[in-house]
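A closer look at the structure
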Amino acid sequence: MSQLFQDTAALCALLLAVELIAHLAPKNKMLGFTRGLAVLVLLASSIASFAGANWDWPDLAQPGAWENQELESYVEDQYQAAAEEHCRQYLQGLLAAGGIEAKKILPQININEDGSIVFTGVALQFHYESDAQRARALLAGALGQEVEIEVMWDAV
């Protein structure tokens, strides 16, 4: 019974605080909505407490309570795709600066445990062998020796 009195006292105190704030800003629609929502939640809570309802809420402080493997996998896939697209656009810009247009660009990246992105290689396809050779020379100079560059061209 003392819990009911505590809940009722908390409800009254909150309603009093909400009404006091409402008098300071009487024409604010957001405040009215918030006031209505707070009153609804507190009334529902008091009725449930009076009726003896007991809800078991999950303990979110437990290790693993916030883990969702599907969501983590989705986020990692999106992160990988975004990093690859960024590399693809960067390489297109490098090639465009040299006056070369690639038919297909497939960047190869690794994402480390700390979240850092390492550009490990690229596979490019061109229409002509001369464009492929020019692109290899341009990218080898720009990307360095540690990045693997594979170029292909259409056989005529």
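One can find the structure itself at the top, above this paragraph.
Residues numbered from 1 in each chain as written. Predicted model: local features only at pLDDT ≥ 70, side-chain atom pairs only at ≥ 80, totals over all residues. Heavy atoms only, no water.

**Remarks on the overall build of the chain**
Scanning the chain from N- to C-terminus turns up four helices and three strands. A buried classification covers 20% of the 156 residues belonging to the chain. For the chain, restricting intrachain contacts to residue pairs at least 6 apart in sequence, the fraction spanning at least 24 positions comes to 54%. Carbon and sulfur atoms form 60% of the exposed surface of the chain, whose accessible area is close to 11700 Å². (Helix = DSSP H or I, 4+ residues; strand = E, 2+ residues; numbered from the N terminus. Buried < 20%, exposed > 50% of the residue type's maximum accessible area, 1.4 Å probe, protein only. Contact = heavy atoms within 4.5 Å. Areas by Shrake-Rupley, 256 points an atom, 1.4 Å probe, with all protein chains shown as cover.)

**Quick word on the sheet that holds strand E1 (residues 104–111)**
Strand order in this open sheet of three strands is E1-E2-E3, and the pairing throughout is mixed. Each edge of the open sheet carries a strand with a single partner, namely E1 and strand E3 (148–153). Strand-to-strand twist of the sheet, defined as the mean angle between neighbouring strand axes without regard to direction, takes the value 15°. The pairing of E1 with strand E2 (residues 117–126) spans eight bridges and is antiparallel. Among the inter-strand pairings, Ile105 is bridged to a residue of E2, identified as Leu124. (Pairing = 2+ DSSP bridges. Axes fitted to C-alpha atoms, helices over the stretch in contact; angles between N-to-C directions.)

**Side note on a negative patch on the surface**
A surface patch of like charges, here negative, comprises Glu67, Glu72, Glu76, Asp77, Glu113 and Asp114. In this fold, Glu76 is placed in helix H3 (residues 69–97). According to the relative accessible area criterion, Glu76 is exposed, its value standing at 54%. (Patch = residues over 30% accessible without salt bridge, like charges linked within 9 Å, V, L, I, M, F, W, Y side chains within 5 Å. Salt bridge = Lys/Arg side-chain N within 4 Å of Asp/Glu carboxyl O. Lys, Arg positive; Asp, Glu negative; His and termini not counted. Charge placed at Lys NZ, Arg CZ, Asp CG, Glu CD.)

**Remarks on the pairing of E3**
As paired strands, E2 and E3 are joined by six bridges and run parallel to one another. Bridging from a neighbouring strand, Leu124 pairs with Val151 of E3. Handedness of the E2-helix H4 (residues 129–143)-E3 crossover: right-handed. (Right-handed = clockwise from strand over helix to strand, strands pointing away.)

**Regarding the pattern of salt bridges**
For the coordinates displayed, the defined rule picks out three salt bridges. The salt bridge partner of Lys103 is Asp154, with a shortest N-O separation of 3.0 Å. Of the two residues, Lys103 is situated in the loop between H3 and E1 and Asp154 in the segment after E3; the sequence distance between them amounts to 51 residues. Where Arg134 meets Asp131, a salt bridge forms, and the shortest distance between an N and an O atom there is 3.3 Å. Remark: Asp131 and Arg134 occur in helix H4; sequence separation between them is three residues, near one turn of the helix.

**Some points on the nonpolar core**
In this structure, Leu91, Leu95, Ile105, Leu124, Phe126 and Leu139 are the most contacted members of the largest nonpolar core, which totals 16 residues. Contributing elements (two or more residues each) for this core: H3, E2, H4 and E3. Tallying contributions element by element places H4 first for this core, with four residues. Those residues in contact with Ile105 that lie beyond four places of it in its chain are Arg88, Leu91, Gln92, Leu95, Val122, Ala123 and Leu124. (Core = buried A, V, L, I, M, F, W, Y, C linked by side-chain atoms within 4.5 Å.)

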